[in-house]
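Report on the structure
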Amino acid sequence: MNTATDSSRLPNTPYTNRAAYVTPSNGFGTKLPKVPTHTFVAERDRALNPATGTAIINLDLSDKLKTNYPATTPHLLARYIRVAAGETQCLNLTTAGEIYYLLQGAGSIAKGEDLINWVEGDTVCLPGGGETVIASKDTDCVVYSVTDEPTLSWHGAQSPTTESSLIEAVHYPGDEVMQLLTNVQQREAADDMTGRFVQLTNAGGQTTNTVTRTIGLAVNSLEPGGIQTPHRHNAIALTLCLGGDDVYSMIEGEKVRWQRHAVMVTPPAELHSHHNQGKDTMLSLVAQDGGVFYNARTIGFSFD
């Protein structure tokens, strides 16, 4: 090689100075912090305490995930929102889609021209961007929410405009969901059955049966004495316990007891099963980042 041409190279620029190179022998050896199994009990207790007043309580594992923004999982951020009687709580979130479940109380939730009156047990999906206003009526409201804020934060992206959003406001009344769930619970068991549940979707997510392009959402159940077959998938699960008095999960051999209205994180690709040893049906609201993996064709589901 003739090195005489080296002197003819263009000088360094701010752009060449930004270049970084690595030459590993294993191109897939990058290690990021593991997503931990975790149950948010202290946050639940604060959200259910009337003395808390109107407040937003993030379920934040950014210290364990080593992100510089709040995150429950690498793709999702969950939170409780408490709104004292007669008050409102406003949120301006950088997200492509927002999920809200009313744990307690009654009132309304609004974004732009969309105004939805809801009661305990209802779920609402809203497009990202703009201001979301949650108002309570005569009693305090407690709301559980899941968004894809960490996904947009990782990209340094902004919420889509109202005109460009693929998500529209949708209301899923709780009594309608429970009627569907009752019908599902009467089905005969099948070898490939992953549970007795109702998935929530809409026109913006039907390709992957998710509620937004990122978030999959389902109301799951398990009869007394039932065991949900051990399985794994690449999507992380955020499980909000809605009912059940003696329920636990086995996650890679670790027993994790469920606690009512607390949220449990099931890490990606880990073998897990659910067990109901109580006298009542187990009910849960399960949010996953499944849309990301369905789109990549890497959902990775198996029964082993």
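Each value, and the rule that gives it
Residues numbered from 1 in each chain as written. Predicted model: local features only at pLDDT ≥ 70, side-chain atom pairs only at ≥ 80, totals over all residues. Heavy atoms only, no water. Helix = DSSP H or I, 4+ residues; strand = E, 2+ residues; numbered from the N terminus. Buried < 20%, exposed > 50% of the residue type's maximum accessible area, 1.4 Å probe, protein only. Contact = heavy atoms within 4.5 Å. Areas by Shrake-Rupley, 256 points an atom, 1.4 Å probe, with all protein chains shown as cover. Lys, Arg positive; Asp, Glu negative; His and termini not counted. Charge placed at Lys NZ, Arg CZ, Asp CG, Glu CD. Pairing = 2+ DSSP bridges. Salt bridge = Lys/Arg side-chain N within 4 Å of Asp/Glu carboxyl O. Axes fitted to C-alpha atoms, helices over the stretch in contact; angles between N-to-C directions. Polar contact = N/O pair within 3.5 Å; in protein donor to acceptor, adjacent residues only side chain to side chain. Expected span 1.5 Å × (residues − 1). Arc of directions from axis to C-beta. Phe/Tyr/Trp six-rings, centres within 6.5 Å; stacked < 30°, edge-to-face > 60°. Core = buried A, V, L, I, M, F, W, Y, C linked by side-chain atoms within 4.5 Å.

1. Some points on the overall build of the protein
When its secondary structure is counted, the protein shows 6 helices and 20 strands. Among the 304 residues that make up the protein, the fraction classed as buried is 47%. When contacts within the protein are restricted to residue pairs at least 6 apart in sequence, those whose partners lie at least 24 apart make up 73%. Accessible surface, the protein: about 15,900 Å² in total, of which carbon and sulfur atoms supply 50%. Between the centroid of the 21 positive side chains of the protein and the centroid of its 32 negative side chains there is a distance of 7 Å.

2. As for the pairing of strand S2 (residues 55–59)
The two faces of S2 differ: Ala 55, Ile 57 and Leu 59 on one face are buried, but Ile 56 and Asn 58 on the other face are not. Taken together, the 5 bridges between S2 and strand S3 (residues 77–83) define a ladder with antiparallel strand orientation. Bridging across to S3, Ile 57 finds its partner in Tyr 80.

3. Points about the pattern of salt bridges
With the rule as written, the count across this model stands at 8 salt bridges. For Lys 64, the salt bridge is made with Asp 63, and the minimal N-O distance between the two is 4.0 Å. A salt bridge links Arg 257 to Asp 246; its shortest N-O distance comes to 3.0 Å. One end of the pair, Arg 257, is in strand S17 (residues 254–257); the other, Asp 246, is in the loop between strand S15 (237–243) and strand S16 (247–251), with 11 residues separating them in the sequence. Among the residues examined, Arg 257 registers a relative accessible area of 44% and is labelled partly exposed.

4. With respect to the sheet that holds S15
Note: strands within a sheet are paired through backbone hydrogen bonds, in either parallel or antiparallel orientation. Sheet architecture is open: 6 strands sit in the order S1-S18-S15-S20-S13-S12, paired in antiparallel fashion. The sheet is open, and its two edges are formed by strand S1 (38–40) and strand S12 (196–200), each paired on a single side. The average angle at which neighbouring strand axes cross in this sheet is 25°, direction not considered. Against the sheet, helix H5 (residues 174–185) engages S12, strand S13 (216–222) and strand S20 (282–288), with an angle of about 140° to S12.

5. Focus: the side chain of Ser 273
Mapped onto the fold, Ser 273 is located in strand S19 (residues 272–276). Look at Ser 273 and you get buried, because its relative accessible area is 5%. Engagement of the side chain of Ser 273 in a polar contact is seen with the side chain of His 275, the distance being 2.7 Å. What Ser 273 contacts, discounting residues up to four positions off in sequence, is Gln 228, Thr 229, Pro 230, Tyr 248, Ser 249 and Met 250.

6. Section: H5
Taking 1.5 Å per residue, 12 residues should reach 16 Å; H5 reaches 16 Å between its end C-alpha atoms and fits that length. Buried residues of H5: Gly 174, Val 177, Leu 181 and Val 184, and no others. Buried positions in H5, seen along its axis, are confined to an arc of 80° and lie on one side of it. Looking at the buried positions of H5, the neighbouring elements they touch are strand S11 (170–172), S12, S13 and S20.

7. As for the sheet that holds strand S9 (residues 131–136)
On the basis of which strands lie adjacent, the open sheet formed by 4 strands has the order S4-S9-S6-S7 and antiparallel pairing. On the outer flanks of this sheet lie strand S4 (88–92) and strand S7 (114–119), each paired with one strand and no other. Across this sheet, the average inter-strand angle for adjacent strands is 15°, counted without regard to direction. Pairing analysis gives 5 bridges linking strand S6 (residues 106–111) to S9, with the strands arranged antiparallel. Bridge pairing in S9 links Ala 110 to Val 133.

8. Things to note about the packing of aromatic side chains
If you walk through the whole model with that rule in mind, you get 2 aromatic pairs. Taken together, a centroid distance of 6.0 Å and an interplanar angle of 55° make the contact between Tyr 80 and Tyr 144 tilted. Of the two residues, Tyr 80 sits in strand S3 while Tyr 144 sits in strand S10 (residues 141–147), which places them 64 residues apart along the sequence. Like Tyr 144, Tyr 80 is buried. Ring centres of Phe 301 and Phe 303 lie 5.0 Å apart, and the angle between their planes is 85°; on these two criteria the pair is classed as edge-to-face. Looking at Phe 301, the relative accessible area reads 35%, which means it is partly exposed.

9. Structural notes on the nonpolar core
Side chains that are nonpolar tend, in soluble globular proteins, to be buried together. With 40 residues, the main nonpolar core has Tyr 80, Tyr 144, Val 146, Leu 238 and Leu 240 as its most contacted residues. In this structure, Val 83, Leu 93, Ile 109 and Val 124 belong to the second largest nonpolar core, which totals 14 residues.

10. Considerations on the environment of Lys 111
Along the chain, Lys 111 falls in strand S6. Owing to a relative accessible area of 7%, Lys 111 belongs among the buried residues under this scheme. For the pair Lys 111 and Glu 131, spaced 20 residues apart in the sequence, the C-alpha separation amounts to 5.9 Å. Among residues more than four places away in sequence, those in contact with Lys 111 are Glu 98, Leu 126, Pro 127, Gly 128, Gly 129, Gly 130, Glu 131 and Thr 132.

By themselves, these figures tell us nothing about what the structure is for.
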